[in-house]
Amino acid sequence: MFHSLANHAARLLMKLLFACVARVRVVRRENANHDGGFLLAANHISHFDPFIISSVVRRKIDWMAMAEFFPYPVLGFLLRAVDAFPADRHRADRTTIRTAIERLKHGRIVGVFPEGGIRDGARSLLEGAPMRPGASTLAHIAGAPIVPSVIVGSDRLYSKKSWLSLRRPPIWVAFGDPIPHFPNLEKSAARARTERELAAAFKILYAELRETFSLTPNDLPHPPRERMQVELPIEETARSHAPKLSGPRVRTFKRFSAIAVDLLMCTSMNVMQSRHRLHARSRDELERYVAECEGLTAHDFYAVPRNCGLVGEIGDGATVTWRSPISTKFPANNIARADLFACARGWSAPTVLVLHALMSASDKGYRRWAARFNELGWNACFVHLPYHYSRVPRGYWNGELAITADLIRNAEGLRQGVIELRQLMAALRECGCREFGVLGTSYGGWIGALLATVERDFRFLALMAPIVNVEHAIWESPASAFIRRELHRANIERSLVARHFHLSSPTHNQPLCRADCVLFVAGEFDLIARPADIEKIQQKWSGSELLRVPQGHFGYRMIRETIARLKERG
């Protein structure tokens, strides 16, 4: 009943929304509304495609969606509510295949994009590019037909002008005849024939739309970035050297998009915090903890115990684990772990410590960058920070316990992370490593900045959107609204929390390493690690560098530009 209501509500909302901003014209709608289970295979030119196609089909479609979306609580909840399920774009996932086959055999429609991502031009199936074999394989195993669909024009919705004007740009959707799974043929022959017929169907439907509606070059698929810019006249867009535009409109669109994503993720984080009602410690407990810490220096607070037994663990293995020097009430969190990626030179080469963000959805991207560092002659260590990945207690989400209304646990988590990194560095030194680098994002950047206050052997520290203004992070950030409510309920005021900043806030400290090896990276539209706060610490750490990137707190552009800048610096 819940999923039925969610799907009806989503379908109605999409019909109303796209009726206001676009004119959707459909060819042979009946091909997608016949009974029984089948795969609906469509080309992919924009993020709006599944919503538009679902809004014009009477039956419900269970879409395969990018697995990266599902770890975020709010977004993952909404996707599952409308019966979407995760699919890994980079490998065949058995769980995904089983889910798709089960739904097809129960007579449902499963929506797939055989291109594996947004494609246009020569990379698109519409222009004859090869497709991934997943759709034909699923159809053969499940014994289900494939209905091809071509959508054109949805990429124009990337232009802000399309939403704000009354022109309502047209979008065209065509559905082809079902392609059988050829049960009488051998598996390989059946798949090959299905793929040939599906590829031919895409071309035929595309040609039919172009001819029936007299589509112009400006109507045909364009890259999303090009559509985000000011829309060109038809005759100018058709030119192969059409100039790329930029200006206030593009910047406004980027700002709006970044802020929208940041607010969505902040909402997700607040919902996550309320899931277990992680109440603050009592005021008396926090008062005692702060009083004990007030007389400590950073070197005292982050002091490294001797003989952790880590040196013998580092070798050719892919993983090293050891007992954390900070003991918590969660056994899983008491085992520190680092995944090792050694370059050809061995452990005498410099080593980069990769420190992930809070609740990082996946480590795949970090592992790819580790491989890139290996190519450059660096070793890499992907460190599992407290309460993340292998250290998540049962019943909790990745990183859920790292930052909560329990400020004592937050501070001890930071302390745990810094000390464990120092232990790892000490063990690597005994293996011959003499120089280190840090690639830290958000929460990882926060820990990396604190590490810089007690360690000196760095060739670089790249701190991307680090949490440096702890006061703002607690009392003003949109990501901590629930935390503030709990602190107010416990009568914990700002002045009490501020007494710990000399140990937990990078802004209140100076680096022990050379400041000129520090690269701060700020998102121009970041609501969580505000660019003004990062600029302030960059000026305080005299000699450090500041790189600005046009994105919010959540985005992928920052790491690419950071790596590029590190290469420029040598």
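Our structure's up above, just so we're on the same page.
A few points on the structure. (Residues numbered from 1 in each chain as written. Predicted model: local features only at pLDDT ≥ 70, side-chain atom pairs only at ≥ 80, totals over all residues. Heavy atoms only, no water.)

## Regarding the sheet that holds strand E1 (residues 23-27)
We count it as follows: Strands were regarded as paired on the criterion that DSSP finds at least two bridges between them. Note on conventions: DSSP H or I runs of at least 4 residues are helices, E runs of at least 2 residues are strands, and numbering of each starts at the N terminus. Inter-axis angles, ranging from 0 to 180 degrees, are taken between N-to-C directions of lines fitted to C-alpha atoms, where helices are fitted over the stretch in contact. We call two residues contacting when some pair of their heavy atoms lies within 4.5 Å.
The strand order across the open sheet formed by seven strands is E1-E7-E6-E2-E5-E3-E4, and the pairing between neighbours is mixed. Pairing within the sheet leaves two strands with one partner each, and these edge strands are E1 and strand E4 (85-87). For this sheet the average axis-to-axis angle between neighbouring strands, irrespective of direction, equals 25°. As paired elements, strand E2 (residues 38-42) and strand E6 (residues 146-152) share four bridges and run parallel to each other. Across the sheet, residue leucine 40 finds its bridge partner in E6, namely valine 147. Contacting E1, E2, strand E3 (61-66), E6 and strand E7 (170-175), helix H2 (residues 49-56) crosses the sheet at an angle of about 180° to E3.

## Things to note about a positive patch on the surface
What counts here: Note on patches: the residues involved have over 30% relative accessible area and no salt bridge, like charges join within 9 Å, and the nonpolar side chains Val, Leu, Ile, Met, Phe, Trp and Tyr join within 5 Å. Each accessible area is a Shrake-Rupley estimate made with a 1.4 Å probe; only the visible protein chains count as cover when residues are assessed. Just to be clear on terms, a salt bridge is a Lys or Arg side-chain nitrogen sitting within 4 Å of an Asp or Glu carboxyl oxygen. When charges are counted, neither His nor the chain ends are considered; positive counts come from Lys and Arg and negative counts from Asp and Glu. Charge placement uses NZ in Lys and CZ in Arg. For Asp and Glu, CG and CD serve respectively. Only protein chains enter the accessibility calculation, which uses a 1.4 Å probe. A residue is then buried if its area is under 20% of the maximum for its type, exposed if over 50%, and partly exposed in between.
On the surface, Arg11, Lys15, Arg29 and Arg58 cluster together to form a positively charged patch. Position of arginine 58 among the secondary structure elements: in the loop between H2 and E3. Residue arginine 58 is classed as exposed on the basis of its relative accessible area, which comes to 53%.

## As for the packing of aromatic side chains
Here is the rule: Side-chain rings of Phe, Tyr and Trp (the six-membered ring for Trp) are treated as a pair once their centres are within 6.5 Å; stacked means planes under 30 degrees apart, edge-to-face means over 60, and tilted covers the remaining angles. Two thresholds decide whether a charge sits over a ring: the Lys NZ or Arg CZ must be within 6 Å of the ring centre and within 35 degrees of the ring normal.
Taken as a whole, this structure holds 13 aromatic pairs when the rule is applied. Grouped by ring-pair contacts, the aromatic residues Phe330, Tyr387 and Tyr396 constitute a single cluster. We note arginine 210 situated over the ring of tyrosine 206; from NZ or CZ to the ring centre the distance is 4.5 Å. Directly above the aromatic system of phenylalanine 301 lies the positively charged group of arginine 415, at a separation of 4.8 Å from the ring centroid.

## Section: the nonpolar core
What counts is decided by this rule: The criterion is simple. A nonpolar core is a set of buried Ala, Val, Leu, Ile, Met, Phe, Trp, Tyr and Cys residues joined through side-chain atoms within 4.5 Å.
Leu353, Leu424, Leu439, Tyr443, Phe458 and Leu461 are the most contacted members of the largest nonpolar core, which has 107 residues in total. Counting residues per element, this core draws most heavily on helix H14 (residues 407-430), at 11 residues. When residues no more than four places from it in sequence are discounted, the contact partners of tyrosine 443 are His356, Ala357, Leu358, Leu385, His388, Ala402, Ile403, Gly413 and Leu414. Formed by 35 residues, the second largest nonpolar core is a distinct cluster that contains Ala135, Ala144, Ile146 and Ala201.

## A closer look at the environment of arginine 337
Note on placement: arginine 337 falls in strand E9 (residues 335-341). Leave out the neighbours within four places in its chain, and arginine 337 touches Thr319, Val320, Thr321, Trp322, Phe382, Val383, His384 and Ser390.

## A few points about the pairing of strand E5 (residues 109-112)
Neither face of E5 is left uncovered, since the one carrying Ile109 and Gly111 and the one carrying Val110 and Val112 both have all their residues buried. Summarising the sheet, E2 and E5 pair through four bridges and their orientation is parallel. When the bridges of E5 are listed, leucine 39 appears paired with valine 110. Pairing geometry for E3 and E5, over three bridges, is parallel. What sits directly across from tryptophan 63, in E5, is glycine 111.

## Observations concerning the pattern of salt bridges
Counted under the stated rule, the structure contains 38 salt bridges. Residues arginine 123 and aspartate 120 are paired through a salt bridge, measuring 3.8 Å at the closest nitrogen-oxygen approach. Note on aspartate 120: relative accessible area 14%, which makes it buried. For glutamate 486, the salt bridge is made with arginine 489, and the minimal N-O distance between the two is 3.3 Å. In this pair, glutamate 486 and arginine 489 are both assigned in helix H17 (residues 481-489), three residues apart and thus about one turn of the helix distant. Residue class for glutamate 486 comes out buried when judged on its relative accessible area of 2%. Owing to a relative accessible area of 48%, arginine 489 belongs among the partly exposed residues under this scheme. Three or more residues are tied together by salt bridges with common partners; here these are Lys60, Asp62, Asp83, Arg103 and Arg108.

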